[in-house]
Amino acid sequence: MSTQGSGTLPSADNGTAIEARDVRKVYHLDGLEVPALRGVTLRVDEGEYVAITGPSGSGKSTLMHLLGCLDRPSSGTLLIGGRDITRLGDADLARLRNSEIGFVFQAFQLLARTPAVDNVALPLVYRGVGRAERRRRATAALEAVNLGHRMRHRPTQLSGGEQQRVAIARALVTQPRILLADEPTGNLDTTNGEEVMAILEHLNRESGVAVVLVTHEAEIAARARRLIRVRDGLVVEDTAVDRTATAGRTAVDKTAVDPTADSAGGGAALRAEVAGP
Ligand code: ADP
């Protein structure tokens, strides 16, 4: 997917959606240092479909926050579209986040009394897009998640699955390079969860947006084309799944990551090629 840069920021498109190089994050809590990420190196290319799993407290949310530029690493380098964002000022970082990254959260985070179409258009307000164009793009985004018939409905008038689909439309209305979803089915029953996953997967295939989702549900993680397992602040496994394998079997190229190895460039080297569907 080709994405325009944000005007003042030079674009450095190279097929990489997002890259972390030896990223560390230490929280400071009551005078204590909590090492949440202890040197993560990974690369996600445009169009990939990646699930991140790991036990509670392993650093998944911290990693998502850093990949989404919602927080800054204590050390290491983060690149979006090949561009080093580590030294960007707050305003440039916010602009980059708005244009390159879409977020989907477990709790939807929609404005409860605002119609679906206006919820979806909100990121375009921050981008200074005119009203008519906002409406046009928000309508198209809602149609893309099969909610063209729910434009004026408020979130309270929609099912959980429909609300999450509105959130997906909002995440994609800016045509981001990457969509980050934190437990997107965590608040949904099986049927609604399936509906949301099907939409995410359809959009990944059709628009080429890279999808990275955090989940603790094995069935959800198993649907991705690449699995990243995090433990104690480290990537301990990076597995590419080739769904073109025949005879009902799925070939798995499983790479156990040696966290003690020199991490420079390690993620890129470890990243196995993922075949399309
Ligand atoms: P996960 O998403 O896998 O449950 P987190 O990224 O939330 O893991 O947390 C990783 C580690 O960092 C945990 O030990 C957690 O307690 C700690 N942590 C997370 N956020 C903060 C914070 N804001 N302040 C202090 N410690 C934090």
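As the structure is a computational prediction, the values presented were derived from the model and not from experiment.

*Asks:* Tell me what's going on with unusual backbone geometry, and back it up with residues and numbers.
*Replies:* Backbone geometry at Q175 places phi at a positive 55 degrees, although glycine is not the residue there. Residue Q175 is classed as partly exposed on the basis of its 16 C-beta neighbours within 10 Å.

*Asks:* Let's hear about the pairing of strand 10 (residues 234-242): which residues, and what values?
*Replies:* By the bridge criterion, six bridges tie strand 9 (residues 226-231) to strand 10 in an arrangement that is antiparallel. Bridge assignment links R231 to a residue of strand 10, and that residue is L234. Between strand 9 and strand 10, which pair antiparallel and follow one another directly, the connecting turn spans two residues, one of which, D232, has a positive phi of 50 degrees.

*Asks:* Mind laying out the environment of I18, listing which residues take part and the relevant values?
*Replies:* For I18, the location among the structural elements is in strand 1 (residues 16-29). Measuring from C-alpha to C-alpha, the distance between I18 and L42 comes to 8.4 Å, with 24 residues separating the pair along the chain. In this view, I18 contacts V44, L67, I80 and I178; residues no more than four positions away in its chain are not counted.

*Asks:* Provide a residue-level description of the packing of helix 5 (residues 160-172) against helix 6 (residues 190-207), including the pertinent values.
*Replies:* A pair of packed helices is characterised by two quantities: the angle between their axes and the separation of those axes. Close contact between helix 5 and helix 6 brings their axes to 8 Å; oriented N to C, the two are set at 20 degrees. When the interaxial angle is binned, helix 5 and helix 6 end up roughly parallel. When the axes of helix 5 and helix 6 are compared, the crossing they make is right-handed. Contact residues: helix 5 offers G160, G161, Q164, R165, I168 and L172, while helix 6 offers N192, E195, V196, I199, L200 and L203. Considering only residue class, the contact of helix 5 with helix 6 consists of six nonpolar, four polar and two charged.

*Asks:* Describe the site of the ligand, naming the residues involved and giving the relevant values.
*Replies:* Residues in contact with the ligand, as listed here, are Y27, L29, V34, A36, G54, S56, G57, S58, G59, K60, S61 and T62. Of all the elements in the fold, those that place two or more residues in the shell around the ligand are strand 1, strand 2 (32-45) and helix 1 (60-67). When residues in the shell around the ligand are grouped by element, the largest group, three residues, is from helix 1. The class makeup of the residues in the shell around the ligand is four nonpolar, seven polar and one charged.

So, how was this worked out
Residues numbered from 1 in each chain as written. Predicted model: local features only at pLDDT ≥ 70, side-chain atom pairs only at ≥ 80, totals over all residues. Buried ≥ 20, exposed ≤ 12 C-beta atoms within 10 Å, placed from the backbone. Pairing = 2+ DSSP bridges. Helix = DSSP H or I, 4+ residues; strand = E, 2+ residues; numbered from the N terminus. Contact = placed C-beta atoms within 7 Å. Axes fitted to C-alpha atoms, helices over the stretch in contact; angles between N-to-C directions. Parallel < 35°, antiparallel > 145°, perpendicular 65-115°, else oblique. Left-handed = near helix turned anticlockwise from the far one by under 90°. Nonpolar A, V, L, I, M, F, W, Y, C, P; charged D, E, K, R; others polar. Near = placed C-beta within 6 Å.

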